[in-house]
Every structure is written in C-alpha cells, then in structure tokens.
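# Examination of the molecular architecture
Listed below, chain by chain, are the residues.
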Amino acid sequence: MRAAVYCDYGPPRVVRIAQVEKPVAGDGQIVVRVRAAAVNPLDWHYIRGTPYIGRLEMGLRRPKVTRLGVDFAGTVESVGPHVTRFKVGDEVYGGRTGAFAQYVAVRADRAVVPKPARLSFEQAAAIPIAAVTALQALRDQGAVRPGQRVLINGASGGVGTFAVQIAKSLGAHVTGVCSARNVAMVRSIGADSVIDYTKDDFTRGAQRYDVIIDNVGNHSLSALRRVLTPTGRYVIVGGPSGRWLDPLPRAFAAKATSWFVKQDLRFFISEFNQRDLTLLRDLAQAGRVTPVIDRTYPLDQLQAAVAYLETGRARGKVVVTID
C-alpha cells in the first residue's frame with residue numbers, strides 16, 4: 001500500500017510517499033481503509049524533530065518511527081479475532097500513528113469509534129486530536145460551567161474552532177480572538193463576541209474571564225492574569241514553537257505562578273480515549289459541533305499540506321484525502 005514516510009528530520013520535503021506492507025488485523029484489531037486523514041502541528045513537529053528535547057523520545061539523529069499522521073476516518077476493511085464491536089464495512093474515525101496511508105491497523109478497544117453519520121470522511125478525520133484537545137482543555141482543565149465567560153485565544157485554528165463550539169455546548173459565554181479575516185467565521189460557529197487582535201488587545205480590556213484557553217501564547221502571564229477573574233483558570237494548549245524547549249518554559253512558569261496566587265494556570269497534554277471520541281461523535285451528530293476545514297490535499301501533496309499548516313494561517317483544519 002502507499003503511505004507517507006520520513007527517514008530524516010527537516011522541512012516538509014523530507015516526507016515521501018512509499019510502498020509499504022499492508023497491515024493485517026491481529027487479535028483484537030481492525031484494519032481500516034483510510035479515506036481521509038488530518039494534518040496537525042504534531043506532524044510537522046515530528047518532521048522537523050522540534051523541540052529538540054523531544055528527540056530524546058523521537059530519536060536523537062533520525063526518527064525512530066518513520067510513519068506519519070494520527071487522525072483518520074474510513075471504513076473497516078477486515079476484523080481480527082475477538083473483535084465484536086465492529087464489522088466489515090463500518091464507517092469509523094479515530095487516531096493511530098501512520099494514518100497518512102491507504103490502510104491502518106487499530107486496536108478495536110482503543111481510539112476508534114463509529115463515524116458521525118452526518119459528517120463526511122474529511123470532516124470526521126478533522127475531529128480527533130484537535131477536538132479532543134479542545135474538549136479536555138475546557139471540561140477537564142478549565143472546568144467550564146454554564147454561564148461562565150470563556151475566552152479562546154486563537155479561535156480560528158484547528159483547536160480553536162472546536163473550542164468555540166464545545167464551550168457553547170457547555171453553556172458558556174464565548175469570546176473568540178482571531179485576525180480580521182476570520183472574524184465572520186468565528187462568529188458563525190457560535191462565538192458570542194469576537195476580538196480582532198490586529199485592532200484590540202484583549203489583555204488591556206475591561207472584561208474579565210473565568211477561563212482562558214490559549215492556543216497562541218502571545219501574551220505574558222502577568223497580562224493574562226489581569227483579565228482573569230480572581231479564581232479564574234488559564235489553560236495553555238499551544239504557543240510559540242521554539243527549537244529547543246518550548247513550550248516547557250511557559251508551562252513551568254505557569255505552574256510556579258499558580259503556587260502563589262488563587263488563579264489556576266496550567267499546561268496539559270491531551271489523551272485519546274473512546275469515551276471522548278464517542279462524546280464528540282454525539283455532539284457532531286446532533287449538529288452542535290461541525291468541523292471547519294480550510295483546505296484538502298491528495299496524499300501525493302502531503303508536503304504542501306504540512307507546509308501550509310506551518311504558516312499558521314489555516315482556518316480550522318487541513319485534511320488529506322486518500323484514494
């Protein structure tokens with residue numbers, strides 16, 4: 001089968017489409033024929049091997065794992081022994097390393113669930129990493145409750161577009177922060193108010209927020225604390241992409257600051273699980289969450305897809321279709 005591989009760190013051009021062995025469904029596994037897979041910042045961090053501290057796990061000089069992609073949506077091609085939840089032909093979505101490929105083998109009891117019927121494969125593939133991150137940031141880290149004021153910094157990106165919609169589903173009053181060209185889009189997906197950061201600095205405004213979800217990291221912690229309520233929560237999801245340690249210094253600074261103030265400043269890493277993928281499927285099926293897709297590329301143009309996401313200008317998600 002055809003799959004994306006990379007054997008050296010570098011720019012997107014190090015990625016190539018190669019012929020690799022098609023997976024076979026082992027005990028407790030299903031093989032999915034991938035119809036679409038989403039590009040995430042995680043992918044280009046792996047391709048470039050940054051931050052460098054991550055190479056302790058990824059591989060010091062060359063990547064240990066040479067397959068790319070995580071988010072996928074497709075149809076069940078085959079079912080291994082002891083699998084009862086799925087059958088051949090089922091439409092599913094989820095996460096598995098190596099998703100930029102024609103087929104992927106996934107444990108049936110892990111990060112794979114039935115696809116929302118109302119969504120296309122491209123839309124379903126856009127959900128896993130970004131939407132799970134947004135959900136866990138809001139529900140678990142931010143502890144968002146109905147009526148609270150929530151600000152999403154970076155509301156037009158992959159995580160941001162899901163965060164706006166999920167925060168609304170939790171009953172929050174949502175403010176989105178984005179550039180002028182994305183104001184209408186962010187408002188259309190449910191934001192109660194939208195701040196154009198090219199004109200206004202929300203950290204200098206009079207409004208105070210119960211929860212801030214930060215996908216950008218472009219303001220100091222002291223400035224962000226000023227617009228949090230006295231017991232508000234600040235959750236770091238993303239930030240500047242440095243070569244060596246980022247975002248660890250900011251995460252450590254947030255944790256240290258929390259020791260001395262009543263406000264809760266924290267960094268977290270999301271975790272796949274079937275429960276949250278199922279919840280997101282139900283929200284999508286009910287029309288309360290709809291993925292925003294900026295561009296789609298065929299698998300042969302994966303290099304271009306990754307390069308575009310790296311510009312930081314994507315509205316919502318970038319998706320790769322696999323024929």
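Residues numbered from 1 in each chain as written. Predicted model: local features only at pLDDT ≥ 70, side-chain atom pairs only at ≥ 80, totals over all residues. Heavy atoms only, no water.

## Let's talk about the overall build of the protein
A tally of helices and strands in the protein yields 10 helices and 15 strands. Relative to a compact globule of 323 residues, whose C-alpha radius of gyration would be 20 Å, the protein shows 20 Å and is just as compact. When the backbone C-alpha atoms are referred to their principal axes, the protein occupies close to 60 × 45 × 35 Å. Looking at the protein as shown, the accessible area adds up to about 14500 Å², and 51% of this sits on carbon and sulfur atoms. Across the protein, the mean location of the 43 positive side-chain charges is 4 Å away from that of the 27 negative side-chain charges. (Helix = DSSP H or I, 4+ residues; strand = E, 2+ residues; numbered from the N terminus. Rg over C-alpha atoms; globule rule 2.2 N^0.38 Å. Areas by Shrake-Rupley, 256 points an atom, 1.4 Å probe, with all protein chains shown as cover. Lys, Arg positive; Asp, Glu negative; His and termini not counted. Charge placed at Lys NZ, Arg CZ, Asp CG, Glu CD.)

## Describing the packing of aromatic side chains
Inspection of the entire model under this criterion finds zero aromatic pairs. K22 extends its terminal NZ or CZ atom over the ring of Y103, reaching a point 4.2 Å from the ring centre. The positively charged end of K115 is found above the aromatic ring belonging to F121, 5.1 Å away from the centroid. (Phe/Tyr/Trp six-rings, centres within 6.5 Å; stacked < 30°, edge-to-face > 60°. Lys NZ or Arg CZ within 6 Å of the ring centre and 35° of its normal.)

## Here's the deal with the pattern of salt bridges
Under the counting rule described, the total for this entry stands at 16 salt bridges. Between K22 and E77 there is a salt bridge, and its shortest N-O distance comes to 3.7 Å. On the criterion of sequence distance, the pair formed by K22 in the loop between β2 (16-19) and β3 (29-39) and E77 in strand β4 (residues 71-79) is long-range, its members being 55 residues apart. Where R48 meets E310, a salt bridge forms, and the shortest distance between an N and an O atom there is 2.5 Å. Pair noted here: R48 is in helix α1 (residues 41-48) and E310 is in helix α10 (residues 302-310), with a separation of 262 residues, a long-range link. Several salt bridges converge on common partners, so that one network encompasses R139, D140, R275 and D276. (Salt bridge = Lys/Arg side-chain N within 4 Å of Asp/Glu carboxyl O.)

## Some details on the environment of R96
The topology assignment puts R96 in the loop between β5 (91-95) and β6 (103-107). For R96, a relative accessible area of 35% gives the class partly exposed. Spatially, the C-alpha atoms of R96 and F272 are 9.8 Å apart, while their sequence positions differ by 176 residues. R96 has contacts with G69, V70, F72, V104, A105 and V106, leaving out every residue within four places of it along the chain. (Buried < 20%, exposed > 50% of the residue type's maximum accessible area, 1.4 Å probe, protein only. Contact = heavy atoms within 4.5 Å.)

## Details of a nonpolar patch on the surface
Side chains of I53, L56 and L60 sit close together on the surface and give an oily, nonpolar patch of about 320 Å² of accessible area. Judged by its relative accessible area of 64%, L56 is exposed. (Patch = residues over 30% accessible without salt bridge, like charges linked within 9 Å, V, L, I, M, F, W, Y side chains within 5 Å.)

## Quick look at the nonpolar core
Residues L138, I152 and L280 are the most contacted members of the largest nonpolar core, which totals 50 residues. Examining the composition of this core, we find that seven residues originate from one element, helix α4 (residues 128-141), more than from any other. In contact with I152, not counting residues within four places along its chain, are L138, G160, A163, V164, V174, T175, G176, V177, I213 and N215. (Core = buried A, V, L, I, M, F, W, Y, C linked by side-chain atoms within 4.5 Å.)

## Quick word on the side chain of Q136
Tracing the backbone through its elements, the reader meets Q136 in helix α4. Q136 gets classed as buried once you look at its relative accessible area, which sits at 6%. A distance of 2.7 Å separates a polar atom in the side chain of Q136 from the backbone oxygen of E271. Leave out the neighbours within four places in its chain, and Q136 touches Q141, F268, S270, E271, N273 and D276. (Polar contact = N/O pair within 3.5 Å; in protein donor to acceptor, adjacent residues only side chain to side chain.)

## A short note on unusual backbone geometry
P51 follows T50 through a cis peptide bond whose omega is -5°. The backbone phi angle of H82 is positive, close to 70°, even though this residue is not glycine. Mapped onto the elements, H82 comes out in the loop between β4 and β5. Its identity as a non-glycine residue notwithstanding, A143 has a phi of 50°, on the positive side.

## Observations regarding the sheet that holds strand β11 (residues 209-214)
Taken together, the six strands give an open sheet; going across it, the order is β10-β9-β8-β11-β12-β13, and neighbouring strands pair in parallel fashion. At either end of the open sheet lies a strand with only one pairing partner, and these are β10 (193-196) and β13 (264-267). Across this sheet, the average inter-strand angle for adjacent strands is 15°, counted without regard to direction. With five bridges connecting them, strand β8 (residues 149-153) and strand β9 (residues 173-178) associate as parallel partners. (Pairing = 2+ DSSP bridges. Axes fitted to C-alpha atoms, helices over the stretch in contact; angles between N-to-C directions.)

## Structural notes on the packing of α1 against α10
Running from N to C, α1 and α10 cross one another at 105°; their axes reach a closest spacing of 10 Å. On the basis of the axis angle, α1 is roughly perpendicular to α10. Residues P41, W44, I47 and R48 of α1 form the contact with α10, whose own contacting residues are V306, L309 and E310. Across the contact of α1 with α10, the residue classes tally to five nonpolar, no polar and two charged. (Parallel < 35°, antiparallel > 145°, perpendicular 65-115°, else oblique. Nonpolar A, V, L, I, M, F, W, Y, C, P; charged D, E, K, R; others polar.)

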